[in-house]
Amino acid sequence: MKTNNDRIISLAPLTVLPCSPVQQIDVAAASGFNAVSLRLLPVMESDIDVMADKALQAAIEQHLSTTGLRVLDVEVARATSALDVPALIPTLEFAGSIGAQRFAITAEAEGYYDAATEAGVVRRIAELCEAGERFGVGVMLEFMAYRSIRSLEHAANIVATVGHPGLGITIDALHLFRSGGTAKDILGIPRQALACVQLCDAPAAAPSDLAGEARSGRLYPGDGDLPLGELLRALPSDLPISIEVPATENASMTVLERATRAAASLQPLVSA
């Protein structure tokens, strides 16, 4: 994939799962990506528990070394007032050993937070940032229209309240626009508060099931109506890009075909 600079262009796991992280690394390299985002902690039944498999961790390190790919981020934990940060230390340590820039966190289900709960969430995020700092790993917080941190404004307020330089916001294109946000809203966010942008596409009209669309109904960039060019122009030119396109309709494609299609859909945007 040709770009105009050394900007990180990462293949997100949801674009190619289910597959092993080693296979994801290999197809990312074959498709022209210069980075990957890896799921280390299982979320779906088909996910592999990387942290329970030392041999797999060694294989990941080897394939990253062979391909020369960087690691944008590793996934994923829920930002709750009960988040067990000490239990995540081995994950953060491994993330640091493979050069991951960020550890990804998302919010709990909509309605989980009240003022008291959010104060606890802020404390746990701050604790996570401090733990990650020991291993050179920042934290990135993703807001979602159907979760308790549902908007860019809310995420920015939490980042400001935490006040740790290692914490930034993930701008997921689908969640930004489905939450009523616009590209212009990003202009008021300090650069240091931005971690990365995740790209996909979608129809202009939102479905009734936002979670279902986000988890299994996304489109490749260029196949929908989201103003992705406007979004990228509003963001810093060096902000890492990740492509995240989970789609049930792509299930018949091979892992390599999905990665290749993802890279091709990004090309007009990253070379502009």
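Just above sits the structure.
These numbers come from a predicted model, not from an experiment.

**Quick look at the side chain of Asp172**
Thinking step 1. With respect to the helices and strands, Asp172 occurs in strand β6 (residues 167-172).
Thinking step 2. Here Asp172 is in contact with Glu142, Gln198, Arg218 and Glu244, once residues within four sequence places are set aside.

**Some remarks on helix α1 (residues 21-31)**
Thinking step 1. Of the positions making up α1, those classed as buried are Pro21, Val22, Gln24, Ile25, Val27, Ala28 and Ser31.
Thinking step 2. Residues of α1 that are buried make contact with β1 (9-11), β2 (35-39), α2 (54-67) and α9 (255-270).
Thinking step 3. Within two residues after α1, Gly32 carries a phi angle of roughly 100 degrees, on the positive side.

**What to know about the packing of α1 against α9**
Thinking step 1. Viewed as axis vectors pointing N to C, α1 and α9 meet at an angle of 45 degrees, and their least axial separation amounts to 9 Å. Considering their axes alone, α1 and α9 lie oblique with respect to each other. As for the relative orientation of α1 and α9, their crossing is right-handed in sense. Residue-level contacts link Gln23, Val27, Ala30 and Ser31 of α1 to Val255, Leu256, Ala259, Thr260 and Ala263 of α9.
Thinking step 2. Broken down by class, the residue content of the contact of α1 with α9 amounts to six nonpolar, three polar and no charged.

**Describing the pairing of strand β3 (residues 70-79)**
Thinking step 1. Along β3, eight of the ten residues are buried, which leaves the element largely enclosed by surrounding structure.
Thinking step 2. Both β2 and β3 contribute to a ladder of five bridges, which runs parallel. Bridge assignment links Ala35 to a residue of β3, and that residue is Arg70.
Thinking step 3. As for the winding sense of the linkage, the β-α-β connection from β2 through α2 to β3 is right-handed.
Thinking step 4. Across five bridges, the pairing between β3 and strand β4 (residues 102-107) is parallel.

**A closer look at the nonpolar core**
Thinking step 1. The biggest cluster of nonpolar side chains holds 90 residues, and the ones touching the most others in it are Phe103, Ile171 and Leu231.
Thinking step 2. Ranked by residue count, the leading element in this core is helix α4 (residues 115-133), at seven residues.
Thinking step 3. With residues up to four places along the chain from it excluded, the contact list for Ile171 reads Phe143, Leu152, Leu176, Ile186, Leu194, Cys196, Val197, Gln198 and Leu231.
Thinking step 4. By size, the runner-up hydrophobic cluster in this structure holds eight residues, among which are Ile8, Val76, Met140 and Cys196.

**As for the pattern of salt bridges**
Any two side chains of opposite charge can pair, given that their charged atoms come close.
Thinking step 1. All told, the structure shown has nine salt bridges when counted by the stated rule.
Thinking step 2. Arg39 is paired through a salt bridge with Asp47; the nearest N and O atoms lie 3.0 Å apart. Asp47 matches Arg39 in its accessibility class, with the two residues each being buried.

The rules behind these values
Residue indices follow the written sequence of each chain, beginning from 1 at its first position. Residue-level local features of this predicted model are given only where pLDDT is at least 70; pairs of side-chain atoms are given and counted only at 80 or more, and the full residue set underlies all totals for whole chains, interfaces and linings. Excluded from the side-chain calculation are hydrogens and water; included are all heavy atoms of the structure. Secondary structure counts use DSSP, requiring at least four H or I residues in a row for a helix and at least two E residues in a row for a strand, with both numbered from the N terminus. By definition in these notes, contact holds between two residues if any of their heavy atoms fall within 4.5 Å. Think of it in three bands: residues with accessible area under 20% of the maximum for their type are buried, residues over 50% are exposed, and the middle band is partly exposed, with areas taken using a 1.4 Å probe on protein chains only. Lines fitted to the C-alpha atoms define the axes, with helices restricted to the stretch that makes contact. Angles between their N-to-C directions range from 0 to 180 degrees. With respect to orientation, any angle under 35 degrees is reported as roughly parallel, any angle over 145 as roughly antiparallel, any angle of 65 to 115 as roughly perpendicular, and every other angle as oblique. Put simply, a crossing is left-handed when the front helix is turned counterclockwise from the back one by less than a right angle, and right-handed when it is turned clockwise. Amino acid classes used here: Ala, Val, Leu, Ile, Met, Phe, Trp, Tyr, Cys and Pro are nonpolar; Asp, Glu, Lys and Arg are charged; the rest, including Gly, are polar. A pair of strands counts as paired when DSSP detects no fewer than two bridges linking them. Handedness of a crossover: with both strands directed away from the viewer, a clockwise path from the first strand across the helix to the second marks it as right-handed. Buried Ala, Val, Leu, Ile, Met, Phe, Trp, Tyr and Cys residues form a nonpolar core when they are joined through side-chain atoms within 4.5 Å. By convention in these notes, a salt bridge is any Lys or Arg side-chain nitrogen within 4 Å of a carboxyl oxygen on Asp or Glu.

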